[in-house]
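Listed below are the residues making up each chain.
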Amino acid sequence: LNGLTRVRKIVDGLRNFSRLDEADDKLADLREGIESSLLIAQPILKKRIQVVLDLDQLPLFYCRPAELNQVFLNLILNAAHAIPDQGTITITGHDMAEAIVLTFADTGCGMSAEVLKQVFNPFFTTKPVGVGTGLGLTIAYKIITAGHGGTIAVTSTPGSGTTFTIRLPKESPK
């Protein structure tokens, strides 16, 4: 029964994450999308990475949920890969007057100023050959900026971790 319960949670999480029936804009629960992304990332997070969520008070948001879930998963996986041993990923969300602001912060290895200049460039990666495509952050950037009229910014200090900040306007850009 325990195993079946876990399988059901995974299947429900995959269905929620993919949102195959939701390619168009609609009202969505961003917290639900982040939680389903975390469920998908669980095998990489395992017991070595603590996840702290501060997403209370987020309203339903008009967006393309499947695309945002892709962004969330990419940021979570990148954060997990940046943490060599034990660490923390902190995800916060704030309902501001004109926008929803989400931050994804990790206690990983951080990035140099030279790397920061290139993180959104296609095919740029700091991972070894054969690991990743170097397209995740490029796609995330396009989804946030072109797809949702928002912004995504990154700050980082080598040895201290990285923070990605997403600002999604409440007014549709279309």
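Each value, and the rule that gives it
Chains are numbered independently. Their residues run from 1 in the order of the written sequence. It should be noted that, the model being predicted, local features are given only for residues of pLDDT at least 70 and side-chain atom pairs only at 80 or more, the latter also being counted only at that level, while totals for whole chains, interfaces and linings use all residues. As a convention, hydrogens and water are excluded, and side-chain values are obtained from all of the structure's heavy atoms. Starting at the N terminus, helices and strands are each numbered in turn, a helix being any DSSP run of H or I of at least four residues and a strand any DSSP run of E of at least two. Note on classification: 1.4 Å probe, protein chains only; a residue is buried when its accessible area is under 20% of the maximum for its type, exposed when over 50%, partly exposed between these limits. Here a residue-residue contact requires only that any non-hydrogen atoms of the pair lie within 4.5 Å. All accessibility values rest on the Shrake-Rupley procedure with a 1.4 Å probe; residue burial counts only the protein chains present in the view. Axis angles are defined between N-to-C directions and span 0 to 180 degrees, where every axis is a line fitted to C-alpha atoms and, for a helix, only to the segment in contact. Two helices cross in a left-handed way if the nearer one is turned anticlockwise from the farther one by less than a right angle. They cross in a right-handed way if the turn is clockwise. At least two bridges found by DSSP between two strands are what make those strands a pair. Residues enter a patch when their relative accessible area is above 30% and they make no salt bridge; the linking distance is 9 Å between like charges and 5 Å between nonpolar side chains (Val, Leu, Ile, Met, Phe, Trp, Tyr). In the sections that follow, a salt bridge refers to a side-chain nitrogen of Lys or Arg positioned within 4 Å of a carboxyl oxygen of Asp or Glu. The method works on a 1 Å grid over the protein atoms by themselves. A cavity is a set of points holding a 1.4 Å probe that cannot get out, a pocket is an open set with protein on both sides within 12 Å along at least five of seven lines, and residues with an atom within 4 Å of a point line them. Grid points are joined across faces, edges and corners, and a volume is the space filled by probe spheres set on the points. Each residue receives one of three labels: charged for Asp, Glu, Lys and Arg, nonpolar for Ala, Val, Leu, Ile, Met, Phe, Trp, Tyr, Cys and Pro, and polar for the others, Gly being one of them.

**Here we look at the overall build of the chain**
Within the chain, the secondary structure is distributed over 5 helices and 7 strands. Put simply, the chain runs from its N terminus to its C terminus through helices and strands in the order α-β-α-β-β-α-β-β-α-α-β-β. By residue count, 40% of the 174 residues in the chain fall in the buried class. Considering only contacts within the chain whose residues lie at least 6 apart along the sequence, 72% involve residues at least 24 apart. Summing over all exposed atoms, the chain offers an accessible surface of approximately 9,800 Å²; the carbon and sulfur share of this is 57%.

**Here's the deal with the packing of helix 3 (residues 65-82) against helix 5 (residues 136-147)**
Where helix 3 contacts helix 5, the axes come no closer than 9 Å and their chain directions differ by 145 degrees. The crossing of helix 3 and helix 5 is left-handed. Contact with helix 3, carried on its side by Glu67, Leu68, Gln70, Val71, Asn74, Leu75 and Asn78, involves Gly136, Leu137, Ile139, Ala140, Ile143 and Ile144 of helix 5 and no other residues of that element.

**What about unusual backbone geometry?**
Here Lys46, not a glycine, exhibits a phi torsion of approximately 40 degrees, which is positive. Along the chain, Lys46 turns up in the loop between helix 2 (30-45) and strand 2 (49-54). Located in the positive-phi region is Gln57, a residue other than glycine, with phi close to 70 degrees. Note on placement: Gln57 falls in the loop between strand 2 and strand 3 (61-63). Look at Gln57 and you get exposed, because its relative accessible area is 71%.

**Notes on the pairing of strand 4 (residues 87-95)**
On a regular strand, one side chain projects to one face of the sheet and the next to the other, so that they alternate. As paired elements, strand 2 and strand 4 share 6 bridges and run parallel to each other. Counterpart to Val52 in the pairing with strand 4 is Thr90. Both strand 4 and strand 5 (residues 99-106) contribute to a ladder of 7 bridges, which runs antiparallel. Looking at the pairing, Asp95 lines up with Ile100 of strand 5. Between strand 4 and strand 5, which pair antiparallel and follow one another directly, the connecting turn spans 3 residues.

**Section: a nonpolar patch on the surface**
Judged by side-chain polarity, Leu27, Leu60 and Tyr62 come together as a nonpolar surface patch covering roughly 330 Å² of accessible area. Structurally, the position occupied by Tyr62 is in strand 3.

**A look at empty space enclosed by the protein**
Tallied over the full model, the rule gives 2 cavities of 30 Å³ or more. Taken as a whole, the largest cavity holds about 40 Å³ of empty space. Lining the largest cavity, in full, are Leu75, Ala79, Phe104, Ala105, Asp106, Thr162 and Phe164. Counting only elements with at least two residues in the lining of the largest cavity, the list comes to helix 3, strand 5 and strand 7 (161-169). Top element by residues in the lining of the largest cavity is strand 5. It accounts for 3 residues. Split into classes, the residues belonging to the lining of the largest cavity amount to 5 nonpolar, 1 polar and 1 charged.

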